[in-house]
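# Chains, contacts and geometry: an overview
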Amino acid sequence: MGNGSSNSSEHLKQSEANLLNWGLNWYKNTEVLDKNRSRLSWKAYDVPISIPNVVKKTSDQTRGHIHTVEFMNEDVDTTDKTPIVLMHGYGAGTGHYYSMLPGIADSWKGK
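Everything quoted here is computed from the prediction, not taken from an experiment.

Let's shift gears to the layout of surface pockets. One number sums up the size of the largest pocket: a volume of about 890 Å³. As for the largest pocket, its lining consists of 27 residues, and the residues nearest its centre are Thr68, Val69, Glu70, Val85 and Leu86. Looking at the lining of the largest pocket, the elements with two or more residues in it are β2 (61-73) and α2 (101-107). Along the lines of polarity and charge, the residues of the lining of the largest pocket split into 16 nonpolar, 8 polar and 3 charged.

Moving on, we come to the confidence of the model for the chain. Considering every residue of the chain, the mean pLDDT works out to 80; 83% of them sit at 70 or more. Mean pLDDT across the secondary structure elements of the chain bottoms out at β2, with 81, and peaks at helix α1 (residues 5-29), with 87.

Moving on: the side chain of threonine 30. Position of threonine 30 among the secondary structure elements: in the loop between α1 and β1 (40-52). Setting aside its immediate chain neighbours within four residues, threonine 30 contacts Lys35 and Arg37.

What counts and what doesn't
Residues numbered from 1 in each chain as written. Predicted model: local features only at pLDDT ≥ 70, side-chain atom pairs only at ≥ 80, totals over all residues. Heavy atoms only, no water. 1 Å grid on protein atoms, 1.4 Å probe; cavity = no way out; pocket = protein on both sides within 12 Å on 5 of 7 lines; lining within 4 Å. Points joined across faces, edges and corners; volume = space filled by probe spheres on them. Helix = DSSP H or I, 4+ residues; strand = E, 2+ residues; numbered from the N terminus. Nonpolar A, V, L, I, M, F, W, Y, C, P; charged D, E, K, R; others polar. pLDDT = per-residue confidence, 0-100. Contact = heavy atoms within 4.5 Å.

Structure representation (structure tokens):
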């Protein structure tokens, strides 16, 4: 049977996708904001990192990751452009940015 962690992971990914898509659709459909009406998309992925044994007492290096969400403006060539990086505080995450990321991607001419 297992502990269901794989199933829980899939549910978290789906919940994140639902939230990000909701924010994207809200931004596209709202009439309140002056916007560029660019073609926007997003992708989520994990960037692998090594965690030293000072933090985790299991082995020399323990694999970890930084979860990343990237919004793209498909109407802008971002080759050699500067990215904008938003970092949240402890205990925060995608839920703090889902509704503002589309607007930033629509107006930011960097990567």
